[in-house]
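Read off the chains here:
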Amino acid sequence: MAQILDGRKYADLALDEAAAKVEALKKKGVTPGLAVILVGDDPASQTYVRSKGKACDRVGIYSRTLILAEDTTQAELEKLIMELNRDTQIDGILLQLPLPPHLDEQHALSCIAPEKDVDGFHALNAGRLMLSLEGVQPCTPKGILYMLRQGGIPIDGAHAVVVGRSNIVGKPTALLLLKENATVTLCHSHTPDLKEQTRQADILVAAVGKPQLITADMVKPGAAVIDVGINRVNGRLVGDVDFAGVSAVAGAISPVPGGVGLMTVAMLMDNVVSLAAARA
Ligand code: NDP
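A quick note: this is a predicted structure, and the numbers were derived from the prediction, not measured. (Residues numbered from 1 in each chain as written. Predicted model: local features only at pLDDT ≥ 70, side-chain atom pairs only at ≥ 80, totals over all residues. Heavy atoms only, no water.)

Draft legend 1. Main features of the site of the ligand. Taken together, 22 residues lie around the ligand, and R165, S166, S189, K210 and T264 are the ones closest in. Between the ligand and S166, the relevant distance is 2.5 Å, taken from an oxygen atom to a side-chain nitrogen or oxygen of the residue. Within the contact set of the ligand, an oxygen atom lies 2.6 Å away from a side-chain nitrogen or oxygen of S189. In isolation the ligand has 930 Å² of accessible area, and contact with the protein removes 70% of it. (Near = heavy atom within 4 Å. Polar contact = N/O pair within 3.5 Å; in protein donor to acceptor, adjacent residues only side chain to side chain. Areas by Shrake-Rupley, 256 points an atom, 1.4 Å probe, with all protein chains shown as cover.)

Structural data, given as structure tokens:
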């Protein structure tokens, strides 16, 4: 039976570390602040925003949630972002995605000041990641790396296969694994024989959004399998990996729920603290 990569345990550890850093900053007169912008009333986004607020409370970060109506215009949204860029109480600005379809996500993200870009989605921070320079790293990929380290999974020299090439998960995860000296294969919907690729993986990351995409026959015995997917099936939350089948073959596996999602929130707190420390 595979080792469970326990997101709850590792996220607790990361949150405790963030809380200690917040305490040290407060002694210097700095209270880290996070602003979360939510446009519309998507129930999943509301849940994510609530969990981010709770995490801020737990570690002592000042948080402000700004809820905008579904029919908010691009100009109104960007005006708010500009105000937050100037707000001295705010170190990090998070624009909860996805935005309603009439809004231009990339343009709105580009309005966030790079030094307040807590998600690391601004082109400048994405470029810094590409160049292996210091900078804000996107929370989910950073959480995956934290989880692998805490789970004692060797990265240096491992063959990592990442399924999914989005700008927020797949691509930055591949770059972080590469930075840690893994040999990385990045798969997507045009990959002709996915199983042939995934069976090579010492570390397999599934970030697609399709339940049961990764089955036991696609996994090399002993591999570490990280399930990023969040899917709702008959009201139940499941990942992209057939957990029951794959955990009989893998050496380590992250569950859904209780896996990467919790790491994402914990790394968000870490990023707010880092931005506040940079300001201090
Ligand atoms: P996107 O929809 O942006 O990207 C999905 C990727 O999967 C694309 O690159 C797509 O390929 C690829 N893909 C689709 N079908 C296949 C297939 N059959 N075989 C191989 N690749 C395929 O999703 P995100 O990256 O934003 O999110 C992925 C999943 O992770 C979702 O379930 C999301 O909810 C979850 N998520 C979880 C987070 C967490 O904290 N746990 C945080 C963020 C996301 P192509 O590029 O060719 O279209």
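Draft legend 2. Structural context of the layout of surface pockets. Roughly 280 Å³ of internal volume is contained in the second largest pocket. For the lining of the second largest pocket, the secondary-structure elements that each account for two or more residues are α5 (123-130) and α10 (260-279). For the lining of the second largest pocket, a count of residues per class yields 5 nonpolar, 5 polar and 5 charged. (1 Å grid on protein atoms, 1.4 Å probe; cavity = no way out; pocket = protein on both sides within 12 Å on 5 of 7 lines; lining within 4 Å. Points joined across faces, edges and corners; volume = space filled by probe spheres on them. Helix = DSSP H or I, 4+ residues; strand = E, 2+ residues; numbered from the N terminus. Nonpolar A, V, L, I, M, F, W, Y, C, P; charged D, E, K, R; others polar.)

Draft legend 3. Quick peek at the domain arrangement of the chain. Examined at the domain level, the chain breaks down into domain 1 (30-115) and domain 2 (139-260). Relative placement of domain 1 and domain 2: their C-alpha centres are 28 Å apart. (Domains from an automatic or database assignment.)

Draft legend 4. Examining the nonpolar core more closely. In this structure, L34, I61, L148, L177, I226 and M269 are the most contacted members of the largest nonpolar core, which totals 55 residues. It is α10 that contributes the most residues to this core, 11 residues altogether. Apart from residues lying up to four places away in sequence, I226 is in contact with L5, I144, M147, L148, L204, V205, A206, S254 and V260. In terms of nonpolar packing, the next biggest core, distinct from the first, is built from 20 residues, L66, L68, L84 and A108 among them. (Core = buried A, V, L, I, M, F, W, Y, C linked by side-chain atoms within 4.5 Å. Buried < 20%, exposed > 50% of the residue type's maximum accessible area, 1.4 Å probe, protein only. Contact = heavy atoms within 4.5 Å.)

Draft legend 5. Seen up close, empty space enclosed by the protein. Enumeration according to the criterion identifies 1 cavity of 30 Å³ or more in this entry. The space that makes up the largest cavity amounts to roughly 40 Å³. Forming the walls of the largest cavity are N125, R128, L129, L133, E134, G135, V136 and Q137. Class assignment for the residues of the lining of the largest cavity results in 3 nonpolar, 3 polar and 2 charged.

Draft legend 6. Seen up close, the sheet that holds strand β11 (residues 252-253). The 6 strands lie next to each other as β1-β11-β8-β7-β5-β6, forming an open sheet whose pairing is parallel. Of all the strands in the sheet, just β1 (3-4) and β6 (183-187) have a single pairing partner and so form its edges. Pairing of strand β5 (residues 159-163) with strand β7 (residues 203-206) involves 4 bridges; the strand directions are parallel. In the sheet register, A160 faces β7, and the bridge partner there is I203. Contacting β7 and β8 (224-227), helix α6 (residues 139-150) crosses the sheet at an angle of about 145° to β8. (Pairing = 2+ DSSP bridges. Axes fitted to C-alpha atoms, helices over the stretch in contact; angles between N-to-C directions.)

Draft legend 7. The arrangement of the side chain of N231 in detail. Along the chain, the position of N231 falls in strand β9 (residues 231-233). Only 3.0 Å separates the side chain of N231 from the side chain of D240, close enough to count as a polar contact. Apart from residues no more than four positions distant in its own chain, N231 is found in contact with G209, K210, P211, R236, L237, V238, G239 and D240.

Draft legend 8. Seen up close, the pattern of salt bridges. Counted according to the given criterion, the structure contains 10 salt bridges. When the shortest N-O distance is used, the salt bridge between K21 and D270 registers 3.1 Å. Taken together, the residues K21 in helix α1 (residues 7-27) and D270 in helix α10 connect sequence positions 249 residues apart. Under the relative-accessibility criterion, K21 is labelled partly exposed at 40%. Using a relative accessible area of 15% as the deciding quantity, one classes D270 as buried. Among the salt bridges present, the one from K79 reaches E83, with a minimum N-O distance of 3.3 Å. Of the two residues, K79 and E83 both sit in helix α3 (residues 74-86), 4 residues apart, roughly one turn of that helix. Under the relative-accessibility criterion, E83 is labelled partly exposed at 36%. (Salt bridge = Lys/Arg side-chain N within 4 Å of Asp/Glu carboxyl O.)

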